[in-house]
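Observations on chain architecture
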Amino acid sequence: MWRIWLLFDPRRALIGILAFAFAMVLVNHFVQLSTERYGSWLNEPAAMSTQ
Amino acid sequence: MASEKGTLSGLSPQEAQELHKYFMQGFLGFVALTLVAHILIWMWRPWF
């Protein structure tokens, strides 16, 4: 598996991986915010009280 | 121009192995953090 670094330049690969991961996480958070079940964590009071 | 170590990335096998060790540490750290976050979210509102 380490041989991958003989093929790809680590600097570009790391920048690519970090950019991809950031975009993925960004999209996931906004997708969750748009759902009915999870889309309330910003505007509801701290839901620590278990109903 | 051919890289000095004869590999496409210019890293020697030793450098590649060392880099991979640190890369995997970082990656496993990310996975561990994500796992904790998902466990907390599951405790808050399970999705199944």
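Structure: above.
For clarity, every value in this text was computed on a predicted model and none was experimentally measured.

1. Considerations on the overall build of chain A
Helix and strand counts for chain A come out as two helices and zero strands. Of all 51 residues assigned to chain A, the portion counted as buried reaches 18%. Total accessible area on chain A is roughly 4,400 Å²; 71% of this is exposed by carbon and sulfur atoms.

2. Details of the nonpolar core
Judged by nonpolar contacts, Trp2, Trp5, Leu6 and Ala13 of chain A together with Leu11 and Ala16 of chain B together constitute the single largest core of six residues. Ignoring sequence-local partners within four residues, the contact set of Ala13 of chain A consists of Trp5 and Phe8 of chain A.

3. Section: the interface of chain A and chain B
Opposite the 16 residues of chain A that make contact, chain B presents 16 residues. Here chain A packs against chain B, burying approximately 1,500 Å² in sum over the two surfaces, 70% of which is carbon and sulfur. A per-residue breakdown of the area chain A buries against chain B is headed by Trp2, Trp5 and Tyr38 of chain A, which together make up 41% of the total. Across the chain A-chain B interface, the total number found is zero salt bridges.

4. Side note on the side chain of His20 of chain B
Mapped onto the elements of the fold, His20 of chain B is located in helix α1 (residues 13–44). Accessibility expressed as a relative area gives 12% for His20 of chain B, which makes it buried. Not counting residues up to four positions away in its chain, the partners in contact with His20 of chain B are Met1, Trp2 and Trp5 of chain A.

What counts and how
- Residues numbered from 1 in each chain as written.
- Chains lettered and ligands numbered in written order.
- Predicted model: local features only at pLDDT ≥ 70, side-chain atom pairs only at ≥ 80, totals over all residues.
- Heavy atoms only, no water.
- Helix = DSSP H or I, 4+ residues; strand = E, 2+ residues; numbered from the N terminus.
- Buried < 20%, exposed > 50% of the residue type's maximum accessible area, 1.4 Å probe, protein only.
- Areas by Shrake-Rupley, 256 points an atom, 1.4 Å probe, with all protein chains shown as cover.
- Core = buried A, V, L, I, M, F, W, Y, C linked by side-chain atoms within 4.5 Å.
- Contact = heavy atoms within 4.5 Å.
- Buried area = accessible area lost by both parts, 1.4 Å probe.
- Salt bridge = Lys/Arg side-chain N within 4 Å of Asp/Glu carboxyl O.

Interpretation note: all reported values are geometric properties and have no functional meaning in isolation.
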